[in-house]
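Observations on the model geometry
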Amino acid sequence: MVRTYGPDPAALCQAGTALMPDIAGLGLSAGRFAGGPPAGSTPHTRFSSDATGSLLEAAQYTLDEGPCRDAAATRAPVLAADLTGASWTRRWPRFTPAALRAGIKAVHALPLRAGAVRHDGAIDLYHQAPGQLDSPTAERTAVAFAAAVTELLTLERLNLDFTEAFAAGRLGDTLLDLAAGKPINGPAALVSDTPGLPLARWFNRTTLPIVRRQVAVLSFGHGLTQTAGSRWVLAVHEAMTNAVWHGGGQGQLLMWRRDGRLWCEISDHGPGIGHTTEPGCRPDPRSRQPERRGLWLIEQACTSLDITTDTTGSRLLLSHRLDRHQSA
């Protein structure tokens, strides 16, 4: 979903009703980026698929109650499968009648979460008939959709224009297909194009080497010396390798330049570093866990390293300072 509709959250939301044909409409409310607890901001409406969704999203904000508000506050799904039940009227005495008057009989609100990273807010999926999500496939799609929206909101907080990076990322799939030995369709010249910054790439065990080469070309091209650049590329590669071997087999890489530094963010949706439930994790060269020893090596090669991890995924943010000549 991110690959196809990024980097604009609205474009993804516009496709939501086609991706989830069993829903009558959807709404997105989001507040500030929340890398870890506690939550705190009031979500504001960012998208409504139709007039009914717009009405109900606005009602939750005006009335200060509703499934989105609860999902954002608790960071847990709120599944109101039958709003005609008395329990939902007691829980939301003003929102529930408004939803029923609008012809909505069920709402599923999913908090904005992608791995260990969260935003205050939720996706509301509206239904005209009572019932749960129709199938395990529908439930998985809804959870993946909420995660995809969260990923795009995370890109948005970087305040960088990733539009061309995502276009190049789709072109980069051609490069990855080539590396995997798959047939390539389209002009051969596209295959040899060198990406620029900001960079967005997805990787797995097969495609890891070519993404590393792209990182190396960009890092040296933006002024890192041979010694510093080699250490930086090794650190990025170690972070990607951790994602492949310990984070579910695949990951996402973002790379950009800002404030005299190269920045790189590696994220995955694996079980978390060391299977910890802590929002943060520190490198430890003495650890028996290979990924924690790898984190220590990464930290030695970078100017900064920030880690967010829990049992649903990890995100590593690396940076390397450019000297004045390099960052000019």
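A brief report on the enclosed structure follows.

**Let's talk about the overall build of the chain**
- Broken down by element type, the chain carries 14 helices and 10 strands.
- Partitioning the intrachain contacts of the chain with sequence separation of at least 6 by distance along the chain shows that 65% fall at a separation of at least 24.
- Of the roughly 14,900 Å² of accessible surface on the chain, a fraction of 52% belongs to carbon and sulfur atoms.

**Re the sheet that holds strand S10 (residues 313-321)**
- The five strands are arranged S6-S7-S8-S10-S9 in an open sheet whose pairing can be described as antiparallel. Because the sheet does not close on itself, it has two edges, and the strands there are strand S6 (199-204) and strand S9 (304-310). Going across the sheet, the axis of each strand differs from the next one's by a mean of 15 degrees, ignoring polarity.
- With seven bridges connecting them, strand S7 (residues 250-258) and strand S8 (residues 261-268) associate as antiparallel partners. Directly across from Met255, in S8, lies its bridge partner Cys264.
- Where helix H12 (residues 226-246) meets the sheet, its contacts fall on S6, S7, S8 and S10, and the angle it forms with S8 comes to roughly 15 degrees.

**Remarks on the pattern of salt bridges**
- Per the stated rule, a full pass over the model turns up 10 salt bridges.
- Residue Asp64 is joined to Arg69 by a salt bridge in which the shortest nitrogen-to-oxygen separation is 2.9 Å.
- Through salt bridges with shared partners, a single ionic network connects Glu151, Arg157, Glu265 and Arg315.

**Remarks on the packing of aromatic side chains**
- All chains considered together, the criterion is met by five aromatic pairs.
- Between Trp88 and Trp92, the aromatic rings sit 5.1 Å apart at their centres with planes inclined by 25 degrees, giving stacked as the arrangement. Neither Trp88 nor Trp92 differs from the other in exposure class; each is buried.
- When the ring of Trp256 is compared with that of Trp263, the centres are 6.5 Å apart and the planes differ by 5 degrees; the resulting orientation is stacked.

**Describing the side chain of Ser304**
- If you trace the backbone, Ser304 turns up in strand S9.
- Judged by its relative accessible area of 18%, Ser304 falls in the buried class.
- Looking at Ser304, its side chain comes within polar contact range of the side chain of Arg261, at 3.4 Å.
- Residues within four places of Ser304 in sequence aside, it is in contact with Arg261, Trp263, Leu317, Leu318 and Ser319.

**Re helix H11 (residues 208-221)**
- A rise of 1.5 Å per residue sets the reference length of H11, with its 14 residues, at 20 Å; its end C-alpha atoms lie 20 Å apart and thus fit the reference within 8%.
- Restricting attention to buried positions, one finds in H11 the residues Leu208, Ile210, Val211, Gln214, Val215, Ala216, Leu218 and Ser219.

**A closer look at the packing of H11 against H12**
- The interhelical angle for the contact between H11 and H12, taken along N-to-C directions, is 150 degrees, at an axis separation of 10 Å. Between H11 and H12, the crossing angle belongs to the class labelled roughly antiparallel. In this structure, H11 meets H12 at a crossing whose hand is right-handed. In this structure, H11 uses Leu208, Val211, Arg212, Val215, Ala216, Ser219 and Phe220 to contact H12, whose residues at the interface are Gln226, Gly229, Ser230, Trp232, Val233, Leu234, Val236, His237, Met240, Thr241 and Val244.
- Here the residues of the contact of H11 with H12 are counted per class, giving 11 nonpolar, six polar and one charged.

**Section: the environment of Thr309**
- The topology assignment puts Thr309 in strand S9.
- For Thr309 and Gly272, which are 37 residues apart along the polypeptide, the C-alpha to C-alpha distance reads 5.4 Å.
- Looking at Thr309, its side chain comes within polar contact range of the side chain of Ser314, at 2.7 Å.

**As for the environment of Asp64**
- Following the sequence through the fold, Asp64 ends up in the loop between helix H4 (51-63) and helix H5 (67-74).
- Exposure remark for Asp64: the relative accessible area of 55% places this residue in the exposed category.
- When residues no more than four places from it in sequence are discounted, the contact partners of Asp64 are Ala59 and Arg69.

**Description of the pairing of strand S4 (residues 106-114)**
- For S4, a buried count of eight out of nine residues is recorded, marking the element as mostly surrounded by other parts of the structure.
- In the sheet, strand S3 (residues 78-80) pairs with S4 via three bridges, with the strands oriented antiparallel. Across the sheet, residue Ala80 finds its bridge partner in S4, namely Val107.

**Let's talk about the state of the cysteines**
- The tally for this structure, following the rule as stated, stands at zero disulfides.
- Here Cys264 stays free of any disulfide, with the sulfur of Cys302 as its closest cysteine sulfur at 8.8 Å.

What counts, and where the lines are drawn
- Residues numbered from 1 in each chain as written.
- Predicted model: local features only at pLDDT ≥ 70, side-chain atom pairs only at ≥ 80, totals over all residues.
- Heavy atoms only, no water.
- Helix = DSSP H or I, 4+ residues; strand = E, 2+ residues; numbered from the N terminus.
- Contact = heavy atoms within 4.5 Å.
- Areas by Shrake-Rupley, 256 points an atom, 1.4 Å probe, with all protein chains shown as cover.
- Pairing = 2+ DSSP bridges.
- Axes fitted to C-alpha atoms, helices over the stretch in contact; angles between N-to-C directions.
- Salt bridge = Lys/Arg side-chain N within 4 Å of Asp/Glu carboxyl O.
- Phe/Tyr/Trp six-rings, centres within 6.5 Å; stacked < 30°, edge-to-face > 60°.
- Buried < 20%, exposed > 50% of the residue type's maximum accessible area, 1.4 Å probe, protein only.
- Polar contact = N/O pair within 3.5 Å; in protein donor to acceptor, adjacent residues only side chain to side chain.
- Expected span 1.5 Å × (residues − 1).
- Parallel < 35°, antiparallel > 145°, perpendicular 65-115°, else oblique.
- Left-handed = near helix turned anticlockwise from the far one by under 90°.
- Nonpolar A, V, L, I, M, F, W, Y, C, P; charged D, E, K, R; others polar.
- Disulfide = S-S within 2.5 Å.

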